[in-house]
Amino acid sequence: MTKSEELFERAQELMPGGVNSPVRAFKSVGRNPFFVDSAKGAYIYDVDGNKYIDYVCSWGPGILGHAHPKVIETVKKVCEKGLTFGAPTEKEVVLAELIKKCVPSMEMMRLVSSGTEAVMSAVRVARGFTGRDKIIKFVGCYHGHSDGLLMKAGSGLLTGSIPNSAGVPKDYAKYTLLAEYNNEESVKQLMEQYGEDVACIVIEPVAANMGVVLPKKGFLEFLRDITTKYGALLIFDEVITGFRLSLGGAQEYYGIKPDLSTFGKIVGGGMPLAVYGGRKDIMSCVAPVGSVYQAGTLSGNPVAVSAGIETLKILMENKQIYSEIDKQTAKIENAYNSIGLQTQRVGSLMSVFFTDTKISNYNDVMTCDTTKFADYFNYMLKNGIYVAPSQFESMFVSMAHTDDIIDKTVDVIKRYKNN
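What counts, and at which threshold
- Residues numbered from 1 in each chain as written.
- Predicted model: local features only at pLDDT ≥ 70, side-chain atom pairs only at ≥ 80, totals over all residues.
- Heavy atoms only, no water.
- Buried < 20%, exposed > 50% of the residue type's maximum accessible area, 1.4 Å probe, protein only.
- Helix = DSSP H or I, 4+ residues; strand = E, 2+ residues; numbered from the N terminus.
- Arc of directions from axis to C-beta.
- Phe/Tyr/Trp six-rings, centres within 6.5 Å; stacked < 30°, edge-to-face > 60°.
- Polar contact = N/O pair within 3.5 Å; in protein donor to acceptor, adjacent residues only side chain to side chain.
- Contact = heavy atoms within 4.5 Å.
- 1 Å grid on protein atoms, 1.4 Å probe; cavity = no way out; pocket = protein on both sides within 12 Å on 5 of 7 lines; lining within 4 Å.
- Points joined across faces, edges and corners; volume = space filled by probe spheres on them.
- Nonpolar A, V, L, I, M, F, W, Y, C, P; charged D, E, K, R; others polar.
- Pairing = 2+ DSSP bridges.
- Axes fitted to C-alpha atoms, helices over the stretch in contact; angles between N-to-C directions.
- Salt bridge = Lys/Arg side-chain N within 4 Å of Asp/Glu carboxyl O.

Undergrad: Just give me the short version of helix α1 (residues 3-12), but keep the residues and values in it.
TA: Those residues of α1 not exposed but buried are Ser4, Phe8 and Ala11. All buried residues of α1 fall inside an arc of 65 degrees around its axis, so they share one side.

What follows is the structure, encoded as structure tokens:
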């Protein structure tokens, strides 16, 4: 028995499925998970001494690669001063200033500890500001595990074939209206029927939790226009796309200004941190200034904030990182395409889809052959490459993925065709 197997046996007695987040259980790829010991740069090492090229990057935060020296050194110094105070620190102000400089739509913001918390809070603010109860989300888009956003969500819900979640009251769920990603007509119909009661439309500007699904030309512009028409707010969930597609996220990449945005993953530099914010008049509804309540003991803790500051500074000082990782990801994309696999990519965010159906929405994604994906996953892992253990998750490339690493990956991909 390997050490990972031993740990998994122990974990299953203590945690549901032996994990603290469902997709980590590797159930959809027909195997038990490995347990990580450490990571450095583009590599991850398990407790049995195996080494893998990592394209999960902790599900997105690792744009600089694992254990970047400057980030680690900064965190160490901050830890020596204390881990958390439950009181304001200068670093919170510094991080907020950096975020606003990168993302001008973030006129005012609030730091929290997770993407789930950020989106849940942004939706509450939208309801408080508009005085309306209903929201519109898109089938297959995942916005964290808060009750009102688990209707036909993506990520682990798709991986585990769970369309909704038990424990969500029907009377609560009725306030969430479902539209189809990339389908303007589905949104029009909902707005025509419920528009006066819709507080917001919340969307991943690039859907990245049912695999990477790109917005059709004009779709995000349409959402901006229709929310303005009906007096609803447009919320961009940039927990994944933020600071990954560009310094200004998807809203800079596509040239769309939402009313509210949420950021996570990269903004915390690998530590638990997220943020929601947007127009100052809207965010002024949040306590203690306004009547929308939200709080958190560890919100804006100095350790997470310092990791975020250092990460954003590195990205701001080295803007060429984005063009470089775009080129590296394109090489991998070309390798997949050369063996007949369908991909969708934007910048350093990519997915491989095991289907002949052209992907543009949830229904298209659900035509994927998950058995073939499982075979592919296990082939890649056997050959020293760790990709997400789900057809419905994304592939991330970091600045630590050097030419040699990319070349090795391309070679493994091309050999997969003859597997």
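Undergrad: Outline the packing of aromatic side chains, listing residues and values.
TA: Evaluated as defined, the whole model comprises 17 aromatic pairs. Centroid distance phenylalanine 243 to phenylalanine 263: 5.3 Å. Interplanar angle 45 degrees. Geometry classified as tilted. Residue phenylalanine 243 is found in the loop between β8 (233-238) and α9 (249-254), and its partner phenylalanine 263 is found in strand β9 (residues 260-263); the two are separated by 20 residues along the sequence. As far as burial versus exposure is concerned, phenylalanine 243 and phenylalanine 263 are alike and both buried.

Undergrad: Explain the side chain of asparagine 361 to me, and be specific about the residues and the numbers.
TA: The residue asparagine 361 is located in the loop between β12 (349-353) and α13 (362-365) in this model. At 3.0 Å, the side chain of asparagine 361 and the backbone nitrogen of aspartate 364 are in polar contact. If sequence neighbours within four positions are ignored, asparagine 361 has contacts with Glu180, Tyr181, Met210 and Val213.

Undergrad: Residues and numbers for empty space enclosed by the protein, please.
TA: Any empty space left between atoms is shown by rolling a water-sized probe over those atoms. Scanning the entire structure with this criterion turns up one cavity of 30 Å³ or more. Put simply, the largest cavity is a space of about 100 Å³. Of all elements in the fold, only β12 and α14 (370-382) reach the threshold of two or more residues within the lining of the largest cavity. Tallying contributions element by element places β12 first for the lining of the largest cavity, with three residues. For the lining of the largest cavity, the per-class residue count stands at seven nonpolar, four polar and one charged.

Undergrad: Which residues make up the sheet that holds β9, and what are the values?
TA: What the seven strands build is an open sheet, ordered β4-β10-β9-β8-β7-β5-β6; its pairing is mixed. Only two strands of the sheet have a single neighbouring strand rather than two, namely β4 (108-112) and β6 (176-179). Ignoring which end each strand starts from, the neighbouring axes of this sheet average 20 degrees apart. This element, helix α7 (residues 184-194), spans β5 (134-138), β6 and β7 (198-203) of the sheet and lies at about 150 degrees to β6. Docked against the sheet, helix α8 (residues 219-230) engages β5, β7 and β8, running at close to 165 degrees with respect to β7.

Undergrad: Requested: an account of the pattern of salt bridges, with residues and values cited.
TA: Where charged atoms from two side chains of opposite charge come close, those side chains can pair. Under the criterion given, the structure shown has seven salt bridges. The shortest N-O distance in the salt bridge between arginine 224 and aspartate 259 comes to 2.8 Å. Placement of arginine 224 in helix α8 and of aspartate 259 in the loop between α9 and β9 is noted, with a sequence separation of 35 residues between them. No difference in accessibility class separates arginine 224 from aspartate 259, as the two residues are buried. The salt bridge involving aspartate 281 is made with arginine 279; its shortest N-O contact spans 2.8 Å. What makes arginine 279 partly exposed here is its relative accessible area of 26%. Connected through salt bridges with shared partners, the residues Arg224, Asp259, Arg279 and Asp281 form a single ionic network.

Undergrad: Give me unusual backbone geometry: which residues, what numbers.
TA: In this structure, proline 288 follows alanine 287 across a cis peptide bond, with omega equal to 15 degrees. Inspection of the secondary structure assignment puts proline 288 in the loop between α10 (280-283) and α11 (302-317). Although it is not a glycine, asparagine 182 sits at a positive phi angle of roughly 70 degrees. By the secondary structure assignment, asparagine 182 is in the loop between β6 and α7. A residue is classified by how much of its surface remains accessible, and asparagine 182, at 9% relative accessible area, is buried. Unlike most non-glycine residues, phenylalanine 243 shows phi in positive territory, near 65 degrees. With relative accessibility at 0%, the residue phenylalanine 243 sits in the buried group.

So yeah, pure geometry; function would need other evidence.
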